[in-house]
Structures are given as structure tokens and as C-alpha cells.
Amino acid sequence: MDKQAIEALLGKIESTETASGNPRVQAIVNRIVRDLFMTIEEMDVQPDEFWKAASYLTEAGRNGEWGLIAAGLGFEHLLDLRLDEAEARQGISGGTPRTIEGPLYVAGAPESLGSARLDQDEQPGDVLFMQGQVRGADGKPVAGALVEVWHANHLGCYSFFDPSQSPYNLRRSIRTDADGRYRFRSKMPVGYSVPPGGSTDKLLKALGRHGTRPAHIHFFVTAPGHRKLTTQINIAGDPYLWDDFAFATREGLVPSMERIEDPASLRAQEVEAPYYSINFDFDLHAAQGDLPADQVNRDRFQA
Ligand code: MBD
Ligand code: FE
């Protein structure tokens, strides 16, 4: 098709917009419509294909899978890379790397001081202890920081989204103690896979991709005077460690894990079988102006 005819149509559409609209929305929508017009033209998209896409988008919304699709197409990781760059431009580097929140956080988990047990439901798998310190940019421990932690069970499923688990199973909020320390006991998570037959699964299959994440544990770390950290750690040795469908694995977020089996330790930790232990410290950046917001607004669930 004649590109000038496309330009003429774009111009006509944009000319209907007025100052009563939102200029930011106008600029972004105009850009996306232009890009999609060009895609339709250059890829010779047929009417059937266009309407199939419209149905797909409708279905994905009805299924509540937009958060999964954003992760799977790499949008969420792109936003992380852009935040990293914005911080680097202000001379901020180092600290614990951020990585994506994902769509499965639930607000309102029980809060405790210093330590918590996350596994409230009976479930198979190895016991996992994880502990460490929250530190500020000066390297000093941060007392009273809030460490929000959430992860999947032995089947890769998250409470709230999986009605077979009790509310807030494997979800807790831990305040660091006077030495800036947190500690929790849980059960080893298994990697998540997108719901079979769902919208994300269909899209990934059409792309010849899988929809599996390596085993991981999510964190929000917040403390007054510091930038909020959204991150995850991965369980070393997972076959999908560097093949995450959400592109979230990063150097610095794969702590070594110790298997502990000596009887004295088992007794001291009140566990019956050998367990795993991960030490991991969170290094925060100081809050400062001239940086993109560290509190990201998005729709979140509250149980
Ligand atoms: C998850 O558990 C997750 O962390 C992300 C990012 C996407 C889907 C499931
Ligand atoms: Fe997750």
C-alpha cells in the first residue's frame, strides 16, 4: 500500500484529537497506532488475523493473564533495565540487583519481628532456611526494614492463586531486628509454569517457547530513607536457571546453598532430615531525588 495514504490516514486520525485530551496519552497512542499500522502493512496482516488478535487480547484480559504476558514477552525485564540505567545516570551502582516483581504478589501477609516460618501448610520437600542482613548504602545494618517474601510450593503454585493452599501460605513480612537481620524457615520452592491451556501458554506455544521459571523466592525490601528493592533469588542448580521464560535471572541473585546434615544442627533447628541453608544480604541504595519512583503502582491483590 502507498505509504503516503497511511500517513494521510494517520494525520486525519490525529487531527481529531484536541487539547481536552491527555497529551501523554495522545503521544503514546499515536505512536503505537502508527507502529501497528506499519506492522499491518509490512507484514500484510489479513482481516482474519487482525480479528483473531483482537479476540486473543480480549480473552487474555478475561483470564487475568496480562501480568504473565508482560513477564513472558520481556516487558517487565525491560522496565528493570531502564530503571538500572536511570540509576546509573545518577551515579548509582552496586547494591543488590533488582529483578521483576511478577504478577503473583499478595499484600497483607502476616508480619513478624526478626524471623518467620513461611510454610503453614503441610507439604513435601526439603526444609529451607534463609537468613541475612539488610544494609544501607554506607554498609551499615538497617534495623526495622521490612522484608516481604513470597514463593511457590513444591508444585510451583502460589497461595491465593492456588485455592488448595491456605491464605498467605509461603508469604510473610519480616521486620529486621536491631542488627538488621532477617531469617525464615520454609520449604524448597519449585519453578512455576504458566497455566496450561491459558492465554500465555497459547502465545508461548505459538512462538515455540516454554512458560517455565526456575525455582525462585521473591522479595520487597523497604526501609525509611532507602530506595525500595524489588528482587528475587534463584535456587542454584535448577535446570531452568538461565532459561527463565520471564528473563529475570541475574548475576548476583543466585546465592550458594548449603546442605546441612550433621545431627547437632538438625537438632538445633528442630528438623528431622537434612536441610538447605542460604545466606543472603540485601544492600539498599539511599533514597534521593532525581530518580524514577521506586514504588511502582500496579494492580495488586489483597487476600
Ligand atoms: C511467577 O512466579 C513469576 O515470578 C513471574 C515473574 C511470572 C509468573 C510467575
Ligand atoms: Fe514467582
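Refer to the structure presented above.
The shown structure was predicted, so the numbers you read here are calculated from the model rather than taken from an experiment.

Reading guide: rules and limits
- Residues numbered from 1 in each chain as written.
- Chains lettered and ligands numbered in written order.
- Predicted model: local features only at pLDDT ≥ 70, side-chain atom pairs only at ≥ 80, totals over all residues.
- Heavy atoms only, no water.
- Donors = N, O, S within 2.8 Å, 3.2 Å for Na, K, Ca; no water.
- Helix = DSSP H or I, 4+ residues; strand = E, 2+ residues; numbered from the N terminus.
- Buried < 20%, exposed > 50% of the residue type's maximum accessible area, 1.4 Å probe, protein only.
- Pairing = 2+ DSSP bridges.
- Near = heavy atom within 4 Å.
- Polar contact = N/O pair within 3.5 Å; in protein donor to acceptor, adjacent residues only side chain to side chain.
- Areas by Shrake-Rupley, 256 points an atom, 1.4 Å probe, with all protein chains shown as cover.
- Phe/Tyr/Trp six-rings, centres within 6.5 Å; stacked < 30°, edge-to-face > 60°.
- Lys NZ or Arg CZ within 6 Å of the ring centre and 35° of its normal.

A. Inspection of the coordination of the iron ion (ligand 2) at higher detail. All of the protein donors around the iron ion (ligand 2) are Tyr158 (OH), His216 (NE2) and His218 (NE2); their distances to the metal are 1.9 to 2.1 Å. Each donor residue of the iron ion (ligand 2) belongs to the same chain, with the gaps between them written as Y-x57-H-x1-H. With Tyr158 in the loop between strand 5 (146-151) and strand 6 (171-175) and His216 in strand 8 (residues 216-222), the pair connects residues that are 58 residues apart, well separated along the chain. Summarising the burial analysis for this pair, Tyr158 and His216 share the class buried.

B. Fine view of the pairing of strand 7 (residues 181-187). Among the seven residues in strand 7, five count as buried, and that is most of the element. One ladder, built from three bridges, connects strand 3 (residues 115-117) with strand 7; its direction is parallel. In the sheet register, Ser115 faces strand 7, and the bridge partner there is Arg183. In this sheet, strand 7 lies alongside strand 4 (residues 127-135) in antiparallel orientation, the contact comprising seven bridges. If you follow Val127 over to strand 7, its bridge partner there is Lys187.

C. Region of interest: the site of ligand 1. Near ligand 1 you find Leu68, Ile100, Gly102, Pro103, Leu104, Tyr158, Tyr192, Arg213, His216 and His218, and these make up its full shell. Arg213 has a polar side-chain atom sitting 2.6 Å from an oxygen atom of ligand 1. His216 is positioned with one of its side-chain polar atoms (N or O) 3.2 Å from an oxygen atom of ligand 1. When ligand 1 sits alone it has 260 Å² of accessible area, and the protein chains cover 100% of it.

D. Expanded view of the packing of aromatic side chains. Under the criterion given, the structure shown has 14 aromatic pairs. For the pair Tyr105 and Trp150, a centre-to-centre distance of 4.9 Å together with 65 degrees between the ring planes defines the contact as edge-to-face. With Tyr105 in the loop between helix 5 (75-89) and strand 1 (106-107) and Trp150 in strand 5, this residue pair connects regions lying 45 residues apart in the sequence. Each of the two residues, Tyr105 as well as Trp150, counts as buried. For the pair Phe280 and Phe282, a centre-to-centre distance of 5.2 Å together with 75 degrees between the ring planes defines the contact as edge-to-face. Side by side, Phe280 and Phe282 carry an identical accessibility label, which is buried. A connected cluster of aromatic rings, assembled from ring pairs, spans Tyr182, Phe184, Phe219, Phe280 and Phe282. Its guanidinium or amino end placed over the ring of Phe220, Lys228 lies 3.8 Å from that ring's centre, counting from NZ or CZ.

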